[in-house]
Amino acid sequence: MAWRFIAQRALPLPETILDWDVPLSLSSNPRRELSGPGSLTGVIEPEYARMLGADGKPILQEWATKVYLEVDGHIRWGGIVTKTSYEGSRATVQAEGLSCYPHGIPYEGYLISGRLIVPKDPYAGKDKNHDGWVDGKKGIQRVPPPPKPYGGPRIDVFDAFRAIWGHVQSRPYGNINLSIDQHDLGEKLGAADGSDPWELAWWDAPDCGEVLDTLTRTIPFDWREDHAWTSTSGNAISHRLVLGKPRLGRKRTNLRFAGDENVIALARPEGMGDDYANEAVVLGRGEGRKMRRAQVARFDGRLRRVVTVTDKTLASAKALAARGNQELAGRTRGLQVPSIQIVDHPNAKFGSWQLGDDIRVQAHVPWVGDIDIWHRIIADEISADGVVTLTLRRSDSFHY
């Protein structure tokens, strides 16, 4: 495989290529994550004169340089330098995917979905003697009941997701040139009757990255960060967040991952141990007896084991139950393989899978025997020798 690291100045737009072949030696392989930014760490040694740009600034500058891994002409990883350190002639560089950027950025606007609207009562104050009749119309017109409150307009989850990203990138020096898929999830935030509005307000000092992570986790849905050349010639690179509806990936019956074929190493299969639970108690918004609460169980023939989860951002019964189901999905699973290492092989050519795909893992494991289990790919790492590590979770541990 032909490898190279490319450095690009993040601002101003359009981005400018600074170096087509950064002499970066990896200390941790480029890692992509499902619904996460991923990361890489590398070193440059000895001191390299080319590492200063034409503007006199370091090419690899924190929060100013985008870095890409290109393999055989395709961008396989992209991110932004977030930390550098120096020791003698050795420079250490850490980078994370562009989707790390909203973390630490405050939301400075106001957004609400499913506001409780209380209509004005046209007869308020028109029965001053409280006899049930409109003043001056006794025996003619009774005072009708006040209009009932109702729920206001609601926002699709993906519209809120895009709105937060739009807020981040609209700020001065905040545009990282990342596009977001434009389709809707088909699920709206807040209760239809206005009993539990979803609100994002600047006076609560919300962190944009944390809000995005909470939406992703509690709805739930998938997203993936992609980078690609915009054309076969030129030096422009596009950045995109691909949104699942609600999940990404598909069941890959056309790929094979088997021991003694393309799987060269397999992490020790594991059960849940102390983390096992088949019942979840979720504690949400409120205090004392007024605290919102949900209880979800998945009894599976084993003794009852309970996990308690506290999330003060949740109030509706639906959101609390979804959080409980999500917790149990990861705690009731059977045996799973945490990760496998594979090589390029006709069974599954390099790059033939995507994050979120379900793959069938077949291997022989001492003390366990032959296993044949469907797993989802939740992260991948590529090394310079062509070995790829896939991080996995059992497919049946997801409830969406």
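Owing to the predicted nature of the structure, the values given are computational and were not obtained by experimental measurement.

## Points about the packing of aromatic side chains
- Inspection of every chain in the model, using the stated rule, returns eight aromatic pairs.
- Consider the rings of tryptophan 20 and tryptophan 229, whose centres lie 6.0 Å apart with planes at 20°: the pair is stacked. With tryptophan 20 in the loop between β2 (16-19) and β3 (25-33) and tryptophan 229 in strand β13 (residues 223-229), this residue pair connects regions lying 209 residues apart in the sequence.
- Plain terms: the ring middles of phenylalanine 161 and phenylalanine 221 are 5.6 Å apart, the flat faces sit at 85° to each other, and that makes the pair edge-to-face. Residue phenylalanine 161 is found in helix α1 (residues 157-170), and its partner phenylalanine 221 is found in the loop between α2 (208-218) and β13; the two are separated by 60 residues along the sequence. Both residues of the pair, phenylalanine 161 and phenylalanine 221, belong to the buried class.
- Taking the ring centre of tyrosine 123 as reference, the NZ or CZ of lysine 126 above it sits at 5.5 Å.
- Above the face of the phenylalanine 398 ring, arginine 393 is positioned so that its terminal group lies 4.4 Å from the ring centre.

## Topic: the sheet that holds strand β14 (residues 237-243)
- Strand order in the open sheet made by the three strands is β11-β14-β13, with mixed pairing throughout. At either margin of the open sheet sits one strand with a lone partner, and together these are β11 (178-180) and β13. Strand after strand, the sheet turns through a mean of 25° between neighbouring axes, direction not considered.
- Strand direction decides the pairing type here: β13 and β14, joined by seven bridges, are antiparallel. Bridge pairing links arginine 224 to valine 242 in β14.

## Brief notes about α2
- Every buried residue of α2 is accounted for by Cys208, Gly209, Val211, Leu212, Leu215, Thr216 and Thr218.
- Two to three positions downstream of the cap, the backbone nitrogen of glycine 209 sits 2.9 Å from a side-chain oxygen, assigning the N-cap of α2 to aspartate 207.

## A look at the environment of proline 12
- Within the secondary structure, proline 12 is located in the loop between β1 (3-9) and β2.
- Separated by 247 residues in the primary sequence, proline 12 and glycine 259 have C-alpha atoms spaced 49 Å apart.

## Details of helix α3 (residues 317-329)
- For α3, which comprises 13 residues, the first-to-last C-alpha distance of 18 Å matches the rise-based estimate of 18 Å (1.5 Å per residue) to within 8%.
- Structurally, α3 contributes buried residues whose contacts are with α2, β17 (279-283), β18 (293-297) and β19 (306-310).

The rules behind these values
- Residues numbered from 1 in each chain as written.
- Predicted model: local features only at pLDDT ≥ 70, side-chain atom pairs only at ≥ 80, totals over all residues.
- Heavy atoms only, no water.
- Phe/Tyr/Trp six-rings, centres within 6.5 Å; stacked < 30°, edge-to-face > 60°.
- Helix = DSSP H or I, 4+ residues; strand = E, 2+ residues; numbered from the N terminus.
- Buried < 20%, exposed > 50% of the residue type's maximum accessible area, 1.4 Å probe, protein only.
- Lys NZ or Arg CZ within 6 Å of the ring centre and 35° of its normal.
- Pairing = 2+ DSSP bridges.
- Axes fitted to C-alpha atoms, helices over the stretch in contact; angles between N-to-C directions.
- Polar contact = N/O pair within 3.5 Å; in protein donor to acceptor, adjacent residues only side chain to side chain.
- Expected span 1.5 Å × (residues − 1).
- Contact = heavy atoms within 4.5 Å.

Fair warning: the whole summary comes from geometry, so function is off the table for now.
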